[in-house]
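Observations on chain architecture
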Amino acid sequence: TVESMDYPDIAAAVARAVAAGDADLGIIACGTGVGVSMAANKVDGVRAALCSFEYHAKMAREHNDANVCCVGARVIGPELAKAIVSTFVTTEFSGVDRHARRRDKIMALESSSRAGE
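Before going into details, it helps to say that this report is about the structure given with it.

Parameters and conventions
- Per-chain numbering applies: the sequence of each chain, read as written, is numbered from 1 onward.
- Local features in this predicted model are restricted to residues whose pLDDT is 70 or higher, and side-chain atom pairs enter the listing and the counts only when it is 80 or higher, whereas totals over whole chains, interfaces and linings include all residues.
- Side-chain calculation: all heavy atoms of the structure are included, whereas hydrogens and water are not.
- Numbering of helices and strands runs from the N terminus, with a helix taken as a DSSP run of H or I at least four residues long and a strand as a DSSP run of E at least two residues long.
- Only protein chains enter the accessibility calculation, which uses a 1.4 Å probe; a residue whose area is less than 20% of its type maximum is buried, one above 50% is exposed, and one in between is partly exposed.
- Candidates for patches are residues over 30% relative accessible area with no salt bridge; among them, like charges are joined within 9 Å and nonpolar side chains (Val, Leu, Ile, Met, Phe, Trp, Tyr) within 5 Å.
- The method behind every accessible area is Shrake-Rupley, applied with a 1.4 Å probe, and residues are considered shielded solely by the protein chains displayed.
- Just to be clear on terms, a salt bridge is a Lys or Arg side-chain nitrogen sitting within 4 Å of an Asp or Glu carboxyl oxygen.
- Strand pairing follows a simple DSSP-based rule, namely that at least 2 bridges must link the two strands.
- Between rings of Phe, Tyr and Trp, where Trp is taken as its six-membered ring, a pair exists when centres lie within 6.5 Å; planes separated by under 30 degrees are stacked, by over 60 edge-to-face, and by other angles tilted.
- When the NZ atom of lysine or the CZ atom of arginine is within 6 Å of a ring's centre and also within 35 degrees of its normal, the charge is said to sit over that ring.
- Under the convention used throughout, the expected extent of a helix is 1.5 Å for every residue step, that is, one less than its residue count.
- The directions from the helix axis to the C-beta atoms form the arc being described.

**Some points on unusual backbone geometry**
- Its identity as a non-glycine residue notwithstanding, Asp65 has a phi of 55 degrees, on the positive side.
- Mapping Asp65 onto the fold places it in the loop between helix H3 (54-64) and strand E3 (68-72).
- Asp65 sits in the buried class, given a relative accessible area of 14%.

Below you can see the structure in the form of structure tokens.
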């Protein structure tokens, strides 16, 4: 059996490494991927995406400039997980104006939440 662990600790460590620039991208897994994505997104500068399909990973990177990929080990198989991660790390942000504008609006939510707006 696999020993239980507190996935927010792992998610925070990966997210902080990405936010600090120590890593370009992060990959995190838990049972469903939901918990780690919620935890990682609490770290300023992180855009974590829960990816259950390769298309999610492609769009998360290309359109949202996601920098952390979260996968669910209990809900997808190992081959699909590998394909998702491969797609995530090889897809670049498109940089198209509308996508950059939307990414910037997402990131602005961090500062507006701290300011109580």
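Okay, back to it.
**Some points on a nonpolar patch on the surface**
- A cluster of nonpolar residues, Val34, Met38 and Leu50, forms a patch on the protein surface that exposes about 260 Å² of accessible area.
- Counting through the fold element by element, Met38 comes out in helix H2 (residues 34-40).
- Residue Met38 is classed as exposed on the basis of its relative accessible area, which comes to 56%.

**Considering the pairing of strand E1 (residues 26-30)**
- Judged by which residues are buried, E1 turns out to be one-sided: Gly26, Ile28 and Cys30 face inward and are buried, whereas Ile27 and Ala29, on the alternate face, are not.
- Two elements, E1 and E3, share five bridges in a ladder whose sense is parallel. From the neighbouring strand, Ile28 faces E3, where its bridge partner is Cys70.

**Regarding the packing of aromatic side chains**
- Scanning the model with the defined rule gives zero aromatic pairs in all.
- When the ring centre of Phe88 is taken as reference, the NZ or CZ atom of Arg61 above it lies at 5.7 Å.

**A short note on the pattern of salt bridges**
- Throughout the structure, instances matching the rule amount to six salt bridges.
- Among the ionic pairs, Asp65 bridges to Arg103, the shortest N-O distance being 3.0 Å. Taken together, the residues Asp65 in the loop between H3 and E3 and Arg103 in helix H5 (residues 97-114) connect sequence positions 38 residues apart. For the pair shown, Asp65 and Arg103 are each scored as buried.
- The salt bridge partner of Lys82 is Glu79, with a shortest N-O separation of 3.2 Å. Within this pair, Lys82 and its partner Glu79 are both found in helix H4 (residues 78-90), separated by three residues, close to a single helical turn.

**Section: helix H1 (residues 7-19)**
- In a regular helix each residue adds 1.5 Å, so 13 residues correspond to 18 Å; H1 covers 18 Å between its end C-alpha atoms and thus fits that length.
- Of all the positions in H1, only Ala11, Ala12, Ala15 and Val18 are classed as buried. With its buried residues spanning 130 degrees around the axis, H1 presents them on a single face. Of the exposed residues in H1, those oriented more than 90 degrees away from the buried face are Asp9 and Arg16.
- One or two positions beyond H1, positive phi appears at Gly21, with a value near 85 degrees.

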